[in-house]
Amino acid sequence: MASIKQIQVTFDCAKPERVARFWCEVLGYVVPPPPEGFATWDDFDRALPPEHQGSAFACIDPSGVGPRLFFQRVPEGKVVKNRLHLDVRVGIGLVSEERLAVLEAECARLVALGAVRVRLLPADGHNESCLVMQDVEGNEFCLD
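Everything numeric in this text was worked out from a predicted model, so none of it was measured.

Undergrad: An account of the pattern of salt bridges is requested, with residue identities and associated values reported.
TA: This model, assessed by the stated rule, comprises 7 salt bridges. The shortest N-O distance in the salt bridge between arginine 89 and aspartate 144 comes to 3.0 Å. Note that arginine 89 is positioned in the loop between strand S4 (86-88) and helix H3 (96-112) and aspartate 144 in the segment after strand S7 (140-143), a separation of 55 residues in sequence. One salt bridge in this structure joins aspartate 144 and arginine 99, with 2.6 Å as the shortest N-O distance. Of the two residues, aspartate 144 is situated in the segment after S7 and arginine 99 in helix H3; the sequence distance between them amounts to 45 residues. Here the two residues aspartate 144 and arginine 99 agree in accessibility, since each one is buried.

Given below as structure tokens:
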């Protein structure tokens, strides 16, 4: 039985590079180097058939710890809530007003990048507060 060494999280989207660059800013990820033989990703993209140009983009954790994120163009738009979402964990170990202040500060940073604040889920005795948000194409995620 083979063991899993890495995972990749794949996003369906309309504009892969735009969404990937947003998540690079959110997570501190970077765009990996282009394939061998290409000076830039634009050079690589121009070498593809026209129908495949701009169809995919990726970003990686520069430390190598987090999963690779892959963004692929799909023809249909988003119509329902995600079945899977990312939790961006900025408030680990914090509670009450201190936690809310950190969540709100990160929310303001991400809104400036194009994210949308959806709603605050207040602490309920079992879970601390978190903020539900959407990325630049409406994919839900939480600031936790």
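Undergrad: So what's going on with the environment of lysine 81? Which residues, and what values?
TA: Relative to the helices and strands, lysine 81 is located in the loop between strand S3 (68-73) and S4. Distance in space between the C-alpha atoms of lysine 81 and phenylalanine 44 is 34 Å, their sequence separation being 37 residues.

Criteria and thresholds
Residues numbered from 1 in each chain as written. Predicted model: local features only at pLDDT ≥ 70, side-chain atom pairs only at ≥ 80, totals over all residues. Heavy atoms only, no water. Salt bridge = Lys/Arg side-chain N within 4 Å of Asp/Glu carboxyl O. Helix = DSSP H or I, 4+ residues; strand = E, 2+ residues; numbered from the N terminus. Buried < 20%, exposed > 50% of the residue type's maximum accessible area, 1.4 Å probe, protein only.

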